[in-house]
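Listed here are the chains, written in short residue letters.
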Amino acid sequence: MPIVDERSREQLRAHFEDRLTGPVELRLYTRPGTGRLILPSGLGCATCDDAREVAEALRDAAPEKITLEVIDVSAGDGTVQEVPTLTVAPPGEEPRIAWQGLPAGYEFATVVDAIDRASRSDLGLSDESLAGLARLEQQSGELEIMIFATPT
């Protein structure tokens, strides 16, 4: 049984057709060929195949706007080690949005929203929030914000 069924794929196509204005790059960091077995040495990825299926469904819903690059972390580029990790960014920009783990269930809607926003270059923040973040960045230099979400 597919993770993203055909009805959901059709809804995704219609949603992206209405919402996406510019291109978006997805990157999926994975460790292919390791299967679902997790060994003590950290080899293996229980959800990499499923994450790839989700990422491909997102790309296939709007192939003229969404590109997908699958990166094998075992090749050793060193930027991302946790697998699976999915990043979203406008083309040519360094990704600032990332999901670690399988982006399904409650997380799937947030991935779709991030793709929408990246396509429109819409941060979704009020002017007041942007001004507050700018003040924090001026005070402390580089600013990194991490958001952790769980339905529990």
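Bear in mind that the values here come from a model prediction, so they are computed numbers and not experimental data.

A.B. asks: Please provide a residue-by-residue account of the pattern of salt bridges, values included.
C.D. replies: Under the criterion given, the structure shown has 10 salt bridges. Two residues, D113 and R117, come together in a salt bridge whose shortest N-O distance is 2.9 Å. Here the residue D113 and the residue R117 both occupy positions in helix α3 (residues 106-120), the gap between them amounting to 4 residues, near one helical turn. Given a relative accessible area of 32%, D113 falls into the partly exposed group. On the accessibility criterion, R117 (26% relative accessible area) is partly exposed. The residue D122 makes a salt bridge to R120 at a minimum N-O spacing of 3.2 Å. By relative accessible area, which is 27% here, R120 ends up partly exposed. Connected via shared salt-bridge partners are D113, R117, R120 and D122.

A.B. asks: Quick rundown of the state of the cysteines? Include the residues and the values.
C.D. replies: Throughout this description, disulfide means a covalent bond between two cysteine sulfur atoms. The full count for this structure, using the stated rule, is 1 disulfide. Here C45 is linked by a disulfide to C48, with a sulfur-sulfur distance of 1.9 Å. When the S-S torsion is 90°, as for the bridge of C45 with C48, the disulfide is right-handed. In terms of burial, C45 and C48 fall into one category: buried.

A.B. asks: Report on a nonpolar patch on the surface, specifying residues and quantitative values.
C.D. replies: Residues L136, L143, I145 and I147 make up a contiguous nonpolar surface patch of roughly 400 Å² in combined accessible area. We classify L143 as partly exposed; its relative accessible area is 32%.

A.B. asks: Outline unusual backbone geometry, supporting the account with residue identities and numerical values.
C.D. replies: Here the amide bond leading from V83 into P84 is cis, since omega sits at -10°, within 30 degrees of zero. In this structure, P84 sits in the loop between β2 (66-72) and β3 (85-89). Although it is not a glycine, S121 sits at a positive phi angle of roughly 55°. Along the chain, the position of S121 falls in the loop between α3 and α4 (127-140).

Parameters at a glance
- Residues numbered from 1 in each chain as written.
- Predicted model: local features only at pLDDT ≥ 70, side-chain atom pairs only at ≥ 80, totals over all residues.
- Heavy atoms only, no water.
- Salt bridge = Lys/Arg side-chain N within 4 Å of Asp/Glu carboxyl O.
- Helix = DSSP H or I, 4+ residues; strand = E, 2+ residues; numbered from the N terminus.
- Buried < 20%, exposed > 50% of the residue type's maximum accessible area, 1.4 Å probe, protein only.
- Disulfide = S-S within 2.5 Å.
- Patch = residues over 30% accessible without salt bridge, like charges linked within 9 Å, V, L, I, M, F, W, Y side chains within 5 Å.
- Areas by Shrake-Rupley, 256 points an atom, 1.4 Å probe, with all protein chains shown as cover.

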